[in-house]
Amino acid sequence: MQLTYKTLALSAGLLLSLSACEKDFLERDPPNIVLDEQIWNDATLITSLLANNYDRLPAHSQIDAGWEQFAAYDEATWSGGGDGSNNLVDYGYGRWFNWDYGLIRDINLALENIDKYSTTLPEAQKNQFKAEFRFLRAYMYFEMVKREGGVPLVTQQLIYDFSGDPSPLQKPRDTEAAVYDFVASELDAIKNDIGNDGSNTRANRYAAMALKSRAMLYAASIAKYNAESGLNIQTPGGEVGIPASRAREYYQKSLDASKEVLAGPYQLYTTNPNLGENFYDAITRKTSNPEVILAKDFLVARDRRHGFTYDNIPRGIREDNLSSSIITPALNLVEAYEYLDGTSGEIKTRTADNSDFIYYDNLSAPFANKDARLYGTVIYPGTTFAGREVQIQAGVMVWNGSSYNTLEGGLASTYGPPTYPNGDNKLLTGSSGPQRSEVEVSNTGFYLRKYIDATPKASTRGVLSDTWWVRFRLGEVLLNASEAALELGNEAEALTYVNRVRQRAGFPANSLTSLTRLRLENERRVELAFEDHRVWDLRRWRRAHVLWNGNSANPNAVLYALYPYRIVRPGDSRDGKYVFLKLQAPRFRAPRNFRLGNYYSAIDQGVLNNNPKLVRNPFQ
């Protein structure tokens, strides 16, 4: 076949055309890759990246991650399957370890890329985004320093040059004080640029100052009480240990930051006239809540939800056939809540001479006129949740003419035939227990209310819950301010802050006329229960090894239960009344044992192997 000139010319033209098309095709931007220039000039994409970073902030015990740790200290026991923390012989030295330089690197990279690639964003918006990334970095460094002590401060990318020598990437630990100083200076630097006014799910200037209020209080406490306790836990280079001489400086910084928050638009939540329900609402209500400064939010409609309610709702009112009642508050915590007349919160169960029980007309009587924060935190006998009775009764005590026979049955059992032919056909054991050895029913006589979702179907696998996790709220900031002012010698000022918190709980105005740090310790315990403060507070005060000393004779190291019984004594005025029995939580096996090596978490051996410049923490 012969080819004419015209055919060759046409073929050449087609080849050239195809070549050009192929070149255009190969040089197209891939549809599934977002380029740096696109990300850092698109406010929506930057906001999405920020959301990812918020979500990666570390959690020790919060409702979507690590909540099993609520039962690891002195607030609650484990009533779920297995031992949980009930047989925790001691705390591991690496228990609180967190070394998330992956998140630090990503934040540093974001800050560099905004400067490098953002050409169309308004300058004010660029500064706002940079401030928010810096807030997250400061937050992350605080989370690390409160666990490990001083850590390497890395504020820009570390890039390996493939020379075979990694030493330029191996940074030594900064001092503990230097990390706290960095957190404070960063928060001061960004507070006027961060924006997000009115938001409680993204940080604004008040969230920055709330973080500074907390961080500086930690630094001050460590500086003061590490020395005053006589422990003097430190390393020669200051990686662990803050000079006592700096305590006052840090307390002042905490107080100043707290005052900036208190001067802002936030108020204690006081909408509900029922003070107990009001305190519950202060934590869980998302709309028109002036108390919450920053929260980690969830939303069922966006399939962003968690199973905290599913796993911890009281047994008798669970909506699914699987899981409930795992974290159950201990009597230790319940008795920390005082009565409104200022007397001790101890529940009276026996007469002064210990010759007989104290008889109560109803199940809720021992808790009447207590600090309203107890109701908002704990479901105790005789109360309801979401309009449903939580039936808490361990059994009956039947008078035999000279003493009581104690009878306990299965859940929702009746004291009557066929098991008890002479019974009165009334309730034996409640549908929510308590029971001594059963799982997924309270073993302590109490259930959680705080953070349990009252929304219908929230305790089912198909729906779950979108209750948020509060990171900062005004109640904490007021207590921070009170502690800092007290430590600075301003008792009158300290009293104004703590009494505001107590008045919301039902105490008279100015109910406290004098104040000590130990008194404030209890105020923090009852106000902030199950909000991931207790263990960190006792660590910074150098009190944990004293309260949790591994001694079974120490009531602070052992967790207790309270079991209610109905009296069966026909013809006697005490018939039908209730008595309460205090006992060690039946499934609690090992007293809490906090060792000196727990004040600073051990740095993982793999991290030490990768960086020989890192100094080990004391006792490790």
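Residues numbered from 1 in each chain as written. Predicted model: local features only at pLDDT ≥ 70, side-chain atom pairs only at ≥ 80, totals over all residues. Heavy atoms only, no water.

## Concerning the sheet that holds strand E8 (residues 404–407)
We count it as follows: For two strands to pair, DSSP has to find at least two bridges joining them. Strands here are runs of E lasting at least two residues and helices are runs of H or I lasting at least four, both read from the DSSP assignment and numbered beginning at the N terminus. All axes here are fitted lines through C-alpha atoms, helices being fitted over the stretch that makes contact, and every angle between N-to-C directions spans 0 to 180 degrees.
Taken together, four strands build an open sheet; the order of strands is E8-E7-E13-E14 and the sheet is mixed. Each having just a single partner strand, E8 and strand E14 (578–584) make up the two edges of the open sheet. In this sheet, adjacent strand axes meet at a mean angle of 35° when their direction is disregarded. As judged from the four bridges shared by strand E7 (residues 395–399) and E8, these two strands associate in the antiparallel manner. Within E8, the residue paired with Val-396 across the bridge is Leu-407.

## Section: helix H9 (residues 275–284)
Condition: In this scheme, a residue with accessible area under 20% of its type's maximum is buried, one over 50% is exposed, and one in between is partly exposed, where area comes from a 1.4 Å probe on protein chains only. Contacts are assigned to residue pairs that have any heavy atoms within 4.5 Å of one another. N or O atoms within 3.5 Å of each other form a polar contact, as long as, within protein, one can give a hydrogen and the other can take it, and as long as residues adjacent in sequence are counted only when both atoms are side-chain atoms.
Among the 10 residues of H9, eight are classified as buried, and the element is accordingly described as predominantly covered. Within H9, the full set of buried residues consists of Gly-276, Asn-278, Phe-279, Tyr-280, Asp-281, Ala-282, Ile-283 and Thr-284. Tucked inside the fold, the buried residues of H9 contact strand E2 (292–296), helix H12 (372–377), strand E5 (384–385), strand E12 (469–473), helix H14 (491–504) and helix H15 (517–527). You can read the cap of H9 off the contacts: a side-chain oxygen lies 3.1 Å from the backbone nitrogen of Gly-276, and it is on Asn-274.

## Some remarks on the packing of helix H7 (residues 205–228) against helix H8 (residues 247–262)
Our working rule: Roughly parallel means an angle under 35 degrees; roughly antiparallel means over 145; roughly perpendicular covers 65 to 115; every other angle is labelled oblique. Crossing handedness is read from the near helix: turned anticlockwise from the far helix by less than a right angle, it gives a left-handed crossing, and turned clockwise, a right-handed one. By the convention adopted, Pro, Cys, Tyr, Trp, Phe, Met, Ile, Leu, Val and Ala count as nonpolar, Lys, Arg, Asp and Glu as charged, and the other residues, Gly among them, as polar.
Two elements in contact, H7 and H8, have axes whose closest approach is 7 Å; the angle formed by their N-to-C orientations is 160°. Viewed along their axes, H7 and H8 adopt a mutual orientation that is roughly antiparallel. Crossing handedness for the pair H7 and H8: left-handed. Classifying every residue of the contact of H7 with H8 by side-chain character gives 14 nonpolar, four polar and five charged.

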